[in-house]
Amino acid sequence: KKVKTIDENTPIEEAARIMADSKFGGVPITRSGKVVGIITETDLFKIFLELMGARTKGIRVTAVINDQAGQLAKVTKAIADAGGNFISFGQFSGDDPGTKVLTFKVAGIKKDDVKKVLEKFVNKFWDIRQS
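Fair warning: this is a prediction, and the values are worked out from it, not measured in the lab. Counting restarts for each chain: residues are numbered from 1 in the order of the written sequence. Residue-level local features of this predicted model are given only where pLDDT is at least 70; pairs of side-chain atoms are given and counted only at 80 or more, and the full residue set underlies all totals for whole chains, interfaces and linings. Based on all heavy atoms of the structure, the side-chain values leave hydrogens and waters out of the count.

Draft legend 1. Local environment of the sheet that holds strand β7 (residues 124-130). DSSP bridges decide pairing: two strands pair if at least two such bridges lie between them. Helix and strand assignments follow DSSP, with helices taken as H or I runs no shorter than four residues and strands as E runs no shorter than two, numbered in order from the N terminus. Strand order in the open sheet made by the 4 strands is β5-β6-β4-β7, with antiparallel pairing throughout. For this open sheet the edge positions go to β5 (85-93) and β7, each flanked by a neighbour on one side alone. This sheet shows a mean twist of 15 degrees between the axes of neighbouring strands, independent of strand direction. Bridge count for strand β4 (residues 59-66) against β7 is 6 bridges, and the pairing is antiparallel. Looking at the pairing, Val-64 lines up with Lys-124 of β7. Angular values range over 0 to 180 degrees, each being the angle between N-to-C directions of two axes fitted as lines to C-alpha atoms, with helices fitted over their stretch in contact.

And the structure:
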């Protein structure tokens, strides 16, 4: 069989998409047509852990905001103005086209204060917890 490979310069999210779409647990990495490594599901899990700040303590928030210019800036400014420091941050498509789901972790701010400073920018809090 012809083995699917990716070039060493392929962005990690593209490699993950290829693996997920093809249902591959790993894919060889090539440089100038020669195999120089392999990326596996475990490698992607490690990156996910880093992106989500899983190894660092903080307040983890999942919330829905309107998908409008400037909304994300308002959220990040409110957290920073309250003394919070972002550990991780992810933004995802919402249930409807006019919203985004934010998942982030912050330190330097209390759980109750996070909700208080964000309530005027957030449509719905899905979860706020110490992590």
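Draft legend 2. The packing of helix α3 (residues 71-81) against helix α4 (residues 111-118), seen in detail. Contact geometry of α3 with α4 gives a least axis separation of 9 Å together with a crossing angle of 135 degrees. Classified by the angle their axes make, α3 and α4 are oblique. In this structure, the crossing between α3 and α4 has a hand that is right-handed. Between α3 and α4, the residues in contact are Val-75, Ala-78 and Ile-79 and Val-114, Val-117 and Leu-118, respectively. Residues are grouped as follows: nonpolar covers Ala, Val, Leu, Ile, Met, Phe, Trp, Tyr, Cys and Pro; charged covers Asp, Glu, Lys and Arg; every other residue, Gly included, is treated as polar. By residue class, the composition of the contact of α3 with α4 is 6 nonpolar, no polar and no charged. Angles are sorted into four bins: roughly parallel if under 35 degrees, roughly antiparallel if over 145, roughly perpendicular if 65 to 115, and oblique for all others. Handedness of a crossing follows from how the near helix is turned relative to the far one, being left-handed for an anticlockwise turn of less than a right angle and right-handed for a clockwise one. Two residues form a contact once any of their heavy atoms are found within 4.5 Å.

Draft legend 3. Spatial organisation of the packing of aromatic side chains. We call Phe, Tyr and Trp rings a pair once their centres come within 6.5 Å, taking the six-membered ring for Trp, and we label the pair stacked below 30 degrees between planes, edge-to-face above 60, and tilted otherwise. Under the defined criterion, the tally for this structure stands at 3 aromatic pairs. Between Phe-86 and Phe-89 the ring centres are 5.6 Å apart and the planes differ by 65 degrees, which places this aromatic pair in the edge-to-face class. Ring geometry for Phe-89 against Phe-104: centres 5.7 Å apart, planes inclined by 10 degrees, an arrangement best described as stacked. Of this pair, Phe-89 sits in strand β5 while Phe-104 sits in strand β6 (residues 99-107), and the two are 15 residues apart along the sequence.

Draft legend 4. Representation of the packing of helix α1 (residues 12-22) against helix α2 (residues 41-51). As a packed pair, α1 and α2 sit with axes 11 Å apart at the nearest point and diverge in direction by 130 degrees. The pairing of α1 with α2 is recorded here as oblique in orientation. Between α1 and α2 lies a crossing whose hand is left-handed. Facing Ile-12, Ala-16 and Met-19 of α1, the residues of α2 in contact are Glu-41, Leu-44 and Ile-47. Of the residues contributing to the contact of α1 with α2, the split by class is 5 nonpolar, no polar and 1 charged.

So, to be careful, I would describe these as geometric facts and stop short of saying anything about function.
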